Amino acid sequence: MFFGLDLFNAPGALEKKQIDEILSLSEVTQQYNITLTPEKAKYIVDSNKSALHDTGRIEFGESVAKKITLKFCSSPFVSKYNIERVVEKLLEVFYYTKNETKDSISDDRLIDIMKKGFDGECKGSVTLLFDWVITKIIHEYNFSGLKEDEETSHIEGEESNE
Amino acid sequence: MNNEIGFSGLIDKAKLQSNNYFSSLSKQAYDCGLISDGDVERIKIELFLLLGEICKTITEKGTSSIQIDTAEEISESILYTLSLRLKKCPSPENAAKLLQNEKIGVLFEEGQKELSDNLINLRAKWTVLQRKLFKTQSHSFTESAKETMKKFFTDYDYKLSAHKNVVLFDYPVYKEGEKLSGLEYISQKLDCFVSENEFLNNFDSQAVHCLLLLLDGIYGEEAFYLEAPINIYMYVLSCALGLVMCEKDPYELKIEREDYDFIESRLAGQNNKNVLLVLYDALDKLTDILTIDEKTRDYLLFSIRQLASEISLSNGENLKSVFLCRDNILS
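Residues numbered from 1 in each chain as written. Chains lettered and ligands numbered in written order. Predicted model: local features only at pLDDT ≥ 70, side-chain atom pairs only at ≥ 80, totals over all residues. Heavy atoms only, no water.

Caption draft 1: Region of the structure containing the overall build of chain A. Looking only at helices and strands, one finds 7 helices and 1 strand in chain A. Listing every helix and strand of chain A by position from the N terminus yields α-α-α-β-α-α-α-α. Looking at chain A residue by residue over its 162 residues, the buried ones come to 50%. A separation threshold of at least 6 residues defines the contact pool for chain A, and within that pool the share at least 24 residues apart is 68%. (Helix = DSSP H or I, 4+ residues; strand = E, 2+ residues; numbered from the N terminus. Buried < 20%, exposed > 50% of the residue type's maximum accessible area, 1.4 Å probe, protein only. Contact = heavy atoms within 4.5 Å.)

Right under this line is the structure:
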């Protein structure tokens, strides 16, 4: 829809803004010896777009790709060699979980849970993160009527970069 | 206004779609060079940001994305609201100029104000209608005027789903009109309904009831019109016109065999122009007798054009089902 709203294709200027936002994280990521190149930043932005598309969502607020990149750059399992691919997989898991919990879990809370699981019991495996942590979270939010303030088992001792 | 004369007539109005006005206007304006690539890019960005702003108001706190079906719903509502604002411009060229010079957010706010005002006017119109509603046993007539409209005012959300048809106006008004949606759809239906109701109020309910019972003979069902969604107005109008043609009392709503024969002799096999001339003449006489306002008079004029077209297209074959006559049906 060229003259309307193509929901899956943000205008070029907005996409450039998203890439710049990822690049602006370099100052933080370099503390962990991770350099974000324009190519890597574009890869992350494109991955975000694909993950949104695949899960049937659109983004309107602060970029989740930026938040995930910032949060996970401190992980011992993330390096300059794999950051963009790890973020790509995490984004898929993130939006999937948002759908399955019907948005009842906030972005920041979900990212915190994912980070703790990824660094802890899953030892850097996104597949295990999905199997062990995410499926449980989805079940708890859907069948136990869990509210964010009640949920504790997955976030104890969580850390924050922000 | 002088500036506006320079580019009038550039946009092909035939290519503008009432139900998709914003997009079709933007495309036409772009094709004519009234808006540039830069304008299109700016408009798209502003639309996207506006969508984001509205999404923020309806999502849980701390959520920065939304499911696509919800977003699509909101984006359709935005485009509908903008379309309504742009349709208010004196010409499509003026609308294109407005699109070029004004921020989307401002146009959207003005569109919402327009929607809100129209909603208030529609409710006022509906309130008056309910007081003056023609008394009939037609279920769809009464149900549409009362329950359907009531449901519309309860369910319609001009802020998030302005484009949505929250109800189906079951009663088939005679003037079909353009394909519209949301508030425009229901306004169009109610406007027609009000004119038809105004006309029907000139007649006695029992006389209309007796006339419509003749439909039983055509459709083979007892009290057919009570449950079937059929247009009452057209049968009453054609009967009244027929009686005026025969110099009979239109309030009687009763066409006798000899009246029908006379009507048939005037209309059967005639071309559209001749049928129209006969009906115009009858309408002139009828409007002198009835109490009707200017708007209803216009509606009657439209109606006889449509009626003339239907009669001439069928080569007079449909006269028996247009001018209901007991003798014809019983025979």
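Caption draft 2: Spotlight on the packing of helix 6 (residues 104-131) of chain B against helix 7 (residues 139-155) of chain B. Residue and element names in this part refer to chain B. Their axes nearest at 11 Å, the elements helix 6 and helix 7 cross at an angle of 155 degrees. Here helix 6 lies roughly antiparallel to helix 7, going by the angle between them. Considering how the two elements wind past one another, helix 6 and helix 7 form a crossing that is left-handed. When helix 6 is examined against helix 7, the residues Leu119, Leu122, Arg123, Trp126 and Leu129 are found in contact with a partner set consisting of Ala145, Lys146, Met149, Lys150, Phe152 and Phe153. Tallied by class, residues from the contact of helix 6 with helix 7 come to 8 nonpolar, no polar and 3 charged. (Axes fitted to C-alpha atoms, helices over the stretch in contact; angles between N-to-C directions. Parallel < 35°, antiparallel > 145°, perpendicular 65-115°, else oblique. Left-handed = near helix turned anticlockwise from the far one by under 90°. Nonpolar A, V, L, I, M, F, W, Y, C, P; charged D, E, K, R; others polar.)

Caption draft 3: Spotlight on the side chain of Glu84 of chain A. One can find Glu84 of chain A in helix 5 (residues 83-100). Non-local contacts of Glu84 of chain A, meaning those with residues more than four positions away in its chain, are made with Lys40, Tyr43 and Ile44 of chain A.

Caption draft 4: How the structure looks around the packing of aromatic side chains. Residue and element names in this part refer to chain B. Counted by the stated rule, this structure contains 19 aromatic pairs over all chains. With centroids separated by 6.4 Å and ring planes inclined at 85 degrees, the aromatic side chains of Phe134 and Phe141 adopt a geometry described as edge-to-face. For the residue pair Phe134 and Phe141, the accessibility class agrees, reading buried in each case. Ring centres 5.3 Å apart and planes at 55 degrees place the aromatic pair Phe199 and Phe203 in the tilted group. Judged on exposure class, the residue Phe199 and its partner Phe203 are both buried. Among the aromatic residues, ring-to-ring pairing joins Tyr174, Phe199, Phe203, Tyr233, Tyr251, Tyr299 and Phe302 into one connected group. (Phe/Tyr/Trp six-rings, centres within 6.5 Å; stacked < 30°, edge-to-face > 60°.)

Caption draft 5: Fine view of unusual backbone geometry. Positioned with a positive phi, Lys123 of chain A is a non-glycine residue whose angle comes to about 50 degrees. Take Lys123 of chain A: it is sitting in the loop between helix 6 (107-119) and helix 7 (126-143). Backbone geometry places Leu253 of chain B, a non-glycine residue, at a positive phi of 55 degrees. For Leu253 of chain B, the location among the structural elements is in the loop between helix 12 (232-245) and helix 13 (257-267). What makes Leu253 of chain B buried here is its relative accessible area of 5%.

Caption draft 6: Focus on the pattern of salt bridges. Applying the stated criterion across every chain yields a total of 25 salt bridges over all chains. In this structure, Glu84 of chain A engages Arg85 of chain A in a salt bridge whose closest nitrogen and oxygen atoms are separated by 3.8 Å. You can call Glu84 of chain A buried: its relative accessible area is 10%. The partly exposed category is assigned to Arg85 of chain A, whose relative accessible area is 42%. For Glu184 of chain B, the salt bridge identified is with Lys87 of chain B, shortest N-O distance 2.9 Å. Of this pair, Glu184 of chain B sits in helix 8 (residues 182-200) while Lys87 of chain B is found in helix 4 (residues 68-87), placing the two residues 97 residues apart along the sequence. (Salt bridge = Lys/Arg side-chain N within 4 Å of Asp/Glu carboxyl O.)

Caption draft 7: A look at the environment of Leu215 of chain B. All names here are of chain B. Looking at the secondary structure, you find Leu215 in helix 10 (residues 215-219). The class of Leu215 is buried, set by a relative accessible area of 0%. Between the C-alpha atoms of Leu215 and Tyr235, which are 20 residues apart in sequence, the distance is 9.7 Å. Apart from residues lying up to four places away in sequence, Leu215 is in contact with Gly220, Phe224, Tyr225, Ile230, Tyr235 and Leu324.

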